[in-house]
Amino acid sequence: MTAEITTHEELRELLGTPAPRAAAKERTRLHERDRQWLAASPFCLVATAGADGTCDVSPKGDPPGFALVLDDTTIAIPERPGNKRADGYRNILDNPHVGLIFLIPGRTDTLRINGRARLLRDAPFFDSMVVSGHRPVLAVVVEIEQIFYHCAKAFLRSDLWRPETWSPEVLPSRARLVKEVEAPAENLADLERHYGPEYARRLYV
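This section reports on the structure supplied with the text. Note that this is a predicted model, so its numbers are computed, not measured.

## Focus on the overall build of the protein chain
Part 1 of the argument: Of the regular secondary structure elements, the protein chain holds eight helices and seven strands.
Part 2 of the argument: Along the first, second and third principal axes, the C-alpha atoms of the protein chain reach 55 × 55 × 40 Å.
Part 3 of the argument: The proportion of buried residues among the 205 residues of the protein chain is 32%.
Part 4 of the argument: Within the protein chain, contacts between residues separated by at least 24 positions form 63% of all contacts whose residues are at least 6 apart in sequence.
Part 5 of the argument: As displayed, the protein chain has an accessible area near 13,500 Å², and 56% of this comes from carbon and sulfur atoms.
Part 6 of the argument: The averaged location of the 29 negative side-chain charges in the protein chain is 4 Å from the averaged location of its 27 positive side-chain charges.

Given below as structure tokens:
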């Protein structure tokens with residue numbers, strides 16, 4: 001027999017109330033430590049939802065500090081060459097609310113920023129976002145509404161940063177997955193070449 005939770009009251013009765021420190025940790029402006037975290041972070045996840053509720057979570061990565069701090073309440077994230085689906089960007093055009101989680105490799109806590117986003121196709125600060133000769137074609141500018149640090153429990157439970165727990169070979173190569181799951185016209189040899197060493201050399205092309 002299943003027992004679905006359908007109300008806020010049921011949820012709170014089941015989980016209890018957050019500790020005062022957890023309930024009060026939200027802020028609306030960047031602290032100097034937040035700036036330092038962003039300067040050290042090479043990776044974040046960007047969560048969006050369209051007007052119809054369609055969701056997307058897109059990974060963004062670049063050298064540490066790729067998320068540019070514009071002021072105490074605003075950051076910008078550059079776009080780099082990708083698959084051109086633009087799922088998250090299309091969501092932002094319909095619904096500007098975004099959720100970001102910034103990671104630092106080896107750290108088990110994370111920095112979370114929620115806010116309202118807009119897309120810019122150019123701005124003077126784009127010049128400071130050039131990496132390997134690539135100037136971003138657009139940037140996501142996020143006006144911060146909430147910022148706080150997530151606790152470490154999920155990373156500790158998952159042993160995410162412990163190399164001895166890693167098993168990348170548990171699944172076939174990226175090329176084989178593409179061939180089996182997506183059934184493209186290319187043969188496996190062509191896909192292996194595409195996702196081989198040359199793939200890493202085309203990151204900013």
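## A look at the environment of Arg85
Part 1 of the argument: With respect to the helices and strands, Arg85 occurs in the loop between β4 (74–78) and α4 (87–94).
Part 2 of the argument: A relative accessible area of 54% places Arg85 in the exposed class.
Part 3 of the argument: Polar side-chain contacts of Arg85 include one of 2.7 Å to the side chain of Asp87.

## Regarding the sheet that holds strand β6 (residues 110–120)
Part 1 of the argument: The seven strands lie next to each other as β2-β1-β5-β6-β7-β4-β3, forming an open sheet whose pairing is antiparallel. Every interior strand has two partners, whereas the edge strands, β2 (55–61) and β3 (68–71), have only one. Across the sheet, the mean angle from the axis of one strand to that of its neighbour is 35°, orientation sign disregarded.

## Considering the layout of surface pockets
Part 1 of the argument: Estimated volume of the largest pocket: approximately 1,300 Å³.
Part 2 of the argument: Counting residues per element, the ones that place at least two in the lining of the largest pocket are β1 (43–49), β2, β4, α4, α6 (174–182) and α7 (188–194).
Part 3 of the argument: For the lining of the largest pocket, the element with the highest residue contribution is β2, accounting for six residues.
Part 4 of the argument: Its residues assigned to classes, the lining of the largest pocket shows 21 nonpolar, eight polar and 13 charged.
Part 5 of the argument: The space that makes up the second largest pocket amounts to roughly 300 Å³.

## Remarks on a negative patch on the surface
Part 1 of the argument: Taken together, the side chains of Glu4, Glu9, Glu10 and Glu13 present a region of like negative charge at the surface.
Part 2 of the argument: With respect to the helices and strands, the residue Glu10 is situated in helix α1 (residues 8–15).

## Notes on the pairing of strand β5 (residues 97–103)
Part 1 of the argument: In terms of burial, β5 is a largely internal element, five of the seven residues being buried.
Part 2 of the argument: Judged from the six bridges that link them, β1 and β5 form a sheet pairing that is antiparallel. Note that in β5 the partner of Ala47 across the bridge is Gly99.
Part 3 of the argument: Relative to β6, β5 runs antiparallel, the two being bridged by six bridges. Its bridge partner being in β6, Phe102 is matched across the sheet by Leu111.
Part 4 of the argument: The turn joining β5 and β6, which pair antiparallel and follow one another in sequence, is formed by six residues; a positive phi near 90° is taken by Gly106.

What counts and how
- Residues numbered from 1 in each chain as written.
- Predicted model: local features only at pLDDT ≥ 70, side-chain atom pairs only at ≥ 80, totals over all residues.
- Heavy atoms only, no water.
- Helix = DSSP H or I, 4+ residues; strand = E, 2+ residues; numbered from the N terminus.
- Buried < 20%, exposed > 50% of the residue type's maximum accessible area, 1.4 Å probe, protein only.
- Contact = heavy atoms within 4.5 Å.
- Areas by Shrake-Rupley, 256 points an atom, 1.4 Å probe, with all protein chains shown as cover.
- Lys, Arg positive; Asp, Glu negative; His and termini not counted.
- Charge placed at Lys NZ, Arg CZ, Asp CG, Glu CD.
- Polar contact = N/O pair within 3.5 Å; in protein donor to acceptor, adjacent residues only side chain to side chain.
- Pairing = 2+ DSSP bridges.
- Axes fitted to C-alpha atoms, helices over the stretch in contact; angles between N-to-C directions.
- 1 Å grid on protein atoms, 1.4 Å probe; cavity = no way out; pocket = protein on both sides within 12 Å on 5 of 7 lines; lining within 4 Å.
- Points joined across faces, edges and corners; volume = space filled by probe spheres on them.
- Nonpolar A, V, L, I, M, F, W, Y, C, P; charged D, E, K, R; others polar.
- Patch = residues over 30% accessible without salt bridge, like charges linked within 9 Å, V, L, I, M, F, W, Y side chains within 5 Å.
- Salt bridge = Lys/Arg side-chain N within 4 Å of Asp/Glu carboxyl O.

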